[in-house]
Amino acid sequence: MVSSVTIPPPACMLLPLEVPNRYLFGPGPSNVPPRVLAAGGRPIIGHLHHEMYEIMNDIKKGIQYAFQTNNHMTLAMSGSGHAAMECAVFNVVEPGESVLVSVNGVWGERVAEIAERMGAKVHTLVKAPGGYFTNEEIEKALAKHKPVLFFLTHGESSAGLAHPIDGIGDLCRKYDCLLLVDSVASLGAAPLLMDQQKIDILYTGSQKALNAPPGTAPISFNDRACHKMFNRKTKPVSYLFDMTHLSNYWGNDGKPARDYHHTGPVSGFLALRESLAILAEKGLENSWRHHKEVAEYLWKGLEDLGLKLFIKDKDLRLPSVTTITIPDGYEWKELLAYMIKHHQLEMTGGLGPSIGMVIRVGLMGYNCSTSNADKALAALSDALKHCPKRKA
Ligand code: PMP
């Protein structure tokens with residue numbers, strides 16, 4: 001029979017899948033514990049089966065614990081951290097409204113662009129990577145720009161900064177503005193209390209301290225945020241991220257039936273549930289303490305190697321992602337390539353405005369141990385010995 005197929009099967013598809021084992025000690029994704037991998041390998045069930053709804057209900061409770069919130073409007077996005085960023089902005093902002101974004105690294109830049117693309121009037125508060133904003137600076141900008149939404153990154157992973165949060169929620173209420181916080185790189189690693197700190201919308205990612213595979217992103221909206229997003233005049237620009245539909249899919253809208261909106265990432269949700277279970281078993285405060293202790297051990301080891309930490313003030317350092325000033329004379333890309341080649345160990349360079357300024361080491365969740373800190377230090381020390389110094 002003459003074949004109608006003119007394009008042959010690609011040769012690569014006839015070879016087995018190869019995936020190396022690596023130490024993922026960059027800013028994420030992080031290595032995933034066998035228990036979470038196994039959960040993701042369980043049978044697929046229908047995304048609208050009642051067992052799946054139960055699993056989604058469990059995920060909701062796990063997120064409420066991890067975020068320290070009683071918010072009913074809590075769910076996980078079918079998508080990475082960017083999906084949660086876009087969901088937050090698309091749902092609470094209407095075209096033409098004023099949005100204030102703090103930019104002290106790449107994440108503020110991204111949110112400013114997302115808000116601009118959907119037609120918001122975007123104002124920025126800008127600092128160089130590693131900088132942070134005082135409550136006085138924030139209040140001045142809130143008074144000037146009268147935004148409906150203020151964005152702040154809690155764990156600025158491109159700079160290694162943990163931004164102070166206290167008092168900002170009160171300021172946002174005073175100026176009738178919603179506070180949106182990104183905790184993708186900090187959740188589970190640094191203290192954050194959504195309700196007590198009056199955060200109106202909080203999101204995170206699955207692939208950092210939670211140690212689930214990339215691809216799902218917890219998010220929560222309080223009543224102030226729900227009031228704004230469910231009383232809008234225009235429809236959000238995205239159908240997939242429209243909270244009217246997502247709140248129904250997650251059983252949050254009080255309607256008796258949960259209808260088909262999109263097919264959720266079933267395996268991703270199973271893995272996310274397991275990672276939230278591990279956090280619940282360990283306890284949030286233990287997790288925060290553990291990340292801080294391991295980070296301090298790493299910081300001391302880096303200083304003993306003669307390296308300089310990019311964030312000078314210890315209290316402002318993000319425990320999950322440490323930034324090292326690129327050591328004098330070295331090409332940072334060579335150091336990173338050496339560690340991958342000889343140690344199967346990933347660290348990364350900067351991102352956005354911090355490119356060329358820092359090397360980033362992440363020890364998060366499952367990877368957060370002093371023995372892994374020793375591995376990272378040994379690899380760096382070896383790279384410093386073997387990579388050429390190009391400048392005096
Ligand atoms: N915010 C922060 C602080 C992050 O570190 C990241 C991921 N590096 C993101 C947002 C974006 O998340 P994702 O890559 O999962 O879309």
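Residues numbered from 1 in each chain as written. Predicted model: local features only at pLDDT ≥ 70, side-chain atom pairs only at ≥ 80, totals over all residues. Heavy atoms only, no water.

## Notes on the overall build of the protein
Looking only at helices and strands, the protein features twelve helices and 14 strands. Taken over C-alpha atoms, the radius of gyration comes to 22 Å for the protein, in line with the 21 Å a tight globule of 392 residues would show. With the principal axes as the frame, the protein shows a C-alpha extent of 75 × 65 × 45 Å. In the protein, the share of contacts with a sequence separation of at least 24, taken over all contacts with a separation of at least 6, comes to 71%. Carbon and sulfur atoms provide 56% of the accessible area of the protein, an area that totals close to 17,800 Å². (Helix = DSSP H or I, 4+ residues; strand = E, 2+ residues; numbered from the N terminus. Rg over C-alpha atoms; globule rule 2.2 N^0.38 Å. Contact = heavy atoms within 4.5 Å. Areas by Shrake-Rupley, 256 points an atom, 1.4 Å probe, with all protein chains shown as cover.)

## Notes on the site of the ligand
Ser 80, Gly 81, His 82, Met 85, Trp 107, Gly 155, Ser 157, Asp 182, Val 184, Ala 185, Gln 207 and Lys 208 make up every residue found near the ligand. For the ligand, an oxygen atom lies 2.6 Å from a polar atom in the side chain of His 82. Separating an oxygen atom of the ligand from a side-chain N or O atom of Gln 207 is a distance of 2.7 Å. For the ligand, whose unbound accessible area comes to 400 Å², protein coverage reaches 88%. When residues of the shell around the ligand are assigned to their parent elements, the largest contribution, three residues, is made by helix H3 (residues 81–92). Class assignment for the residues of the shell around the ligand results in four nonpolar, six polar and two charged. (Near = heavy atom within 4 Å. Polar contact = N/O pair within 3.5 Å; in protein donor to acceptor, adjacent residues only side chain to side chain. Nonpolar A, V, L, I, M, F, W, Y, C, P; charged D, E, K, R; others polar.)

## Some points on the pairing of strand E3 (residues 98–103)
For E3, a buried count of six out of six residues is recorded, marking the element as mostly surrounded by other parts of the structure. Side chains Ser 98, Leu 100 and Ser 102 project from E3 onto one buried face, and the interleaved Val 99, Val 101 and Val 103 project onto a second face that is buried too. Note: E3 against strand E4 (residues 121–126), six bridges, orientation parallel. Bridging across to E4, Val 103 finds its partner in Val 126. Regarding topology, helix H4 (residues 106–117) serves as the crossover connection from E3 to the parallel E4, and that connection is right-handed. (Buried < 20%, exposed > 50% of the residue type's maximum accessible area, 1.4 Å probe, protein only. Pairing = 2+ DSSP bridges. Right-handed = clockwise from strand over helix to strand, strands pointing away.)

## Regarding helix H11 (residues 332–343)
Its twelve residues place the ends of H11 16 Å apart at the C-alpha level, agreeing with the 16 Å of an ideal helix rising 1.5 Å per residue. For H11, the complete set of buried residues consists of Trp 332, Leu 335, Leu 336, Tyr 338 and Met 339. Along H11, the residues classed as buried sweep out an arc of 160° about the axis, all on the same side. Those residues of H11 that are exposed and angled more than 90 degrees off the buried face are Lys 333 and Lys 341. Tucked into the core, H11 has its buried residues touching strand E12 (345–346), strand E13 (348–349), strand E14 (358–362) and helix H12 (370–386). A positive backbone phi angle near 50° is found at Gln 344, which sits one or two residues after H11. (Expected span 1.5 Å × (residues − 1). Arc of directions from axis to C-beta.)

## As for the UniProt feature "modified residue: N6-(pyridoxal phosphate)lysine" (unreviewed entry) in the protein
UniProt's entry tags Lys 208 with the feature "modified residue: N6-(pyridoxal phosphate)lysine" (unreviewed entry), counted in the numbering of this structure. Of the residues examined, Lys 208 reaches a relative accessible area of 8% and is grouped as buried. Aside from chain neighbours lying at most four places away, what touches Lys 208 is Pro 27, Gly 28, Ser 30, Val 184, Ala 185 and Met 364. A polar contact of 2.6 Å, which involves the side chain of Lys 208, links it to the backbone oxygen of Pro 27. (UniProt positions renumbered as here; feature names shortened; annotations may be inferred.)

## What about the sheet that holds strand E5 (residues 149–153)?
The strand order E2-E10-E9-E8-E5-E3-E4 describes an open sheet built from seven strands, whose pairing is mixed. The open sheet terminates on both sides in strands that have one partner only, identified here as strand E2 (73–78) and E4. Direction aside, neighbouring strands of the sheet carry axes that sit 20° apart on average. Sheet strands touched by H3: E2, E5, strand E8 (178–182), strand E9 (201–203) and strand E10 (216–221). Its angle to E10, the strand with the most contacts, is close to 30°. (Axes fitted to C-alpha atoms, helices over the stretch in contact; angles between N-to-C directions.)

## Digging into the pattern of salt bridges
The tally for this structure, following the rule as stated, stands at twelve salt bridges. One salt bridge in this structure joins Lys 174 and Glu 139, with 2.6 Å as the shortest N-O distance. Here Lys 174 is found in helix H6 (residues 168–174), whereas its partner Glu 139 is found in helix H5 (residues 135–145), with 35 residues between them in sequence. Judged by relative accessible area, which is 57%, Lys 174 ranks as exposed. What emerges from the salt-bridge pattern is a single network uniting Arg 35, Glu 274 and Glu 281. (Salt bridge = Lys/Arg side-chain N within 4 Å of Asp/Glu carboxyl O.)

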